[in-house]
Amino acid sequence: SSVCSLKMNELSPDVFNSTKIFHLSSITLALDNRLSEEVCKIVKEFKKSLDMIAQGHVAVRVKQSGKDEFSLFGQTINQFLDNLQGTIERVIEASSVLAQTGNSLEEKANQTKGAADVISDAIGDISKGAGEQAANITTSSEKIVNMRENIDVIIGSVDKLSDTAAEIQMLL
């Protein structure tokens, strides 16, 4: 058999039982005007709540007014919305923590940049000072070489003076 043509013996007996219950419920609703109005009212309230939820209003809750299928379904939807709202609150809290952490990291990065600038300036000053010291050492070295040459001249002069004094003393 195909989907388009079914024989009665191919259908499960449960299909007929379910259909009978549906028809019986429909007939009961049609005959009992008060019950019909109450069910319509529940369905309208349920639809109104679902429409608001569909628009993103997760704080809305479905009214539960008994132990019927609508109340049980409403209870399930309300539990789902409670979980969803809790998740949203945790996401908002995590976003806030991330924003605070980002701000803190930015502040620390700025402090680190400031410290790096100070270190860079200090290294520049040390380099300049080292250059000046090298120049001073070169100048001092040159002066020491000149002083040595002058001392050598003085020693030569003292030696000559000593020789001259010795000659003078021999003449006397």
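Throughout this document, residue positions are counted from 1 along each chain, in the order its sequence is written. Local features in this predicted model are restricted to residues of pLDDT 70 or higher, and side-chain atom pairs are both shown and tallied only at a pLDDT of 80 or more, whereas totals for entire chains, interfaces and linings draw on every residue. Hydrogens are left out, water is left out, and the side-chain values use all remaining heavy atoms of the structure.

Colleague: It is not clear to me how the overall build of the protein should be interpreted in this structure. Could you clarify?
Modeller: Secondary structure elements are defined from DSSP: runs of H or I of at least 4 residues count as helices, runs of E of at least 2 residues count as strands, and each element is numbered from the N terminus. The secondary structure content of the protein amounts to 3 helices and 0 strands. Moving toward the C terminus, one meets the helices and strands of the protein in the order α-α-α. Per-residue accessibility, obtained with a 1.4 Å probe over protein chains only, is compared with the maximum for each type, and a residue is labelled buried under 20%, exposed over 50%, and partly exposed between these values. Put simply, the protein has 172 residues, and 8% of those count as buried. Here, residues are in contact when the closest pair of their heavy atoms is within 4.5 Å. For the protein, the share of sequence-separated contacts (at least 6 apart) that also reach a separation of at least 24 residues comes to 35%.

Colleague: Whenever I open this one, helix H3 (residues 69-171) confuses me. Can you help?
Modeller: Residues three or four positions apart in an α-helix share a direction because the helix packs 3.6 residues into each turn. Between its first and last C-alpha, H3 extends 148 Å over 103 residues, near the 153 Å set by a 1.5 Å rise per residue. Among all positions in H3, only Ser71, Gly74, Ile77, Asn78, Leu81 and Gly86 are buried. Multiplying one less than the number of residues by 1.5 Å gives the expected span of a helix.

Colleague: Quick question: what am I supposed to make of the pattern of salt bridges here?
Modeller: Where charged atoms of side chains with opposite charge meet at close range, the side chains can pair. Any Lys or Arg side-chain nitrogen located within 4 Å of an Asp or Glu carboxyl oxygen qualifies as a salt bridge. Inspection of every chain in the model, using the stated rule, returns 4 salt bridges. Linking Arg61 and Asp82 is a salt bridge whose minimum nitrogen-to-oxygen distance equals 2.7 Å. Here Arg61 is found in the loop between helix H2 (33-54) and H3, whereas its partner Asp82 is found in helix H3, with 21 residues between them in sequence. Classification of Arg61 by relative accessible area gives partly exposed; the value is 26%. The partner of Arg148 in a salt bridge is Asp152, with the nearest N and O atoms 3.7 Å apart. One end of the pair, Arg148, and the other, Asp152, are both in helix H3, 4 residues apart, so they sit about a helical turn from each other.

Colleague: Please explain the environment of Gln79 as it appears in this structure.
Modeller: With respect to the helices and strands, the residue Gln79 is situated in helix H3. Taking the C-alpha atoms as reference points, Gln79 and Arg61, separated by 18 residues in sequence, lie 9.2 Å from one another.

Colleague: What should I look at first to understand the nonpolar core in this one?
Modeller: For soluble globular proteins, nonpolar side chains are generally found buried alongside one another. If you look at the biggest cluster of nonpolar residues, it comprises 6 residues: Phe46, Ile53, Val60, Val62, Ile77 and Leu81. Listed by contribution, the elements that provide at least two residues to this core are H2 and H3. Dropping the residues within four chain positions of it, Leu81 is found in contact with Ile53, Val58, Val60 and Arg61. Residues grouped as a nonpolar core are buried Ala, Val, Leu, Ile, Met, Phe, Trp, Tyr and Cys residues, joined through side-chain atoms within 4.5 Å.

Colleague: Help me understand the side chain of Ser49 in this model?
Modeller: In this fold, Ser49 is placed in helix H2. Once residues lying within four places of it in the same chain are set aside, the contact partners of Ser49 are Val60, Arg61 and Val62.

Colleague: Help me understand the confidence of the model for the protein in this model?
Modeller: Close reading of the predicted structure is inappropriate where its pLDDT is low. Each residue carries a pLDDT value, the predictor's own confidence for that position, ranging from 0 to 100. Of all residues in the protein, 79% have pLDDT values of 70 or greater, and the mean over the chain is 81. The spread of mean pLDDT over the elements of the protein runs between helix H1 (residues 13-31), the lowest at 58, and H3, the highest at 90.

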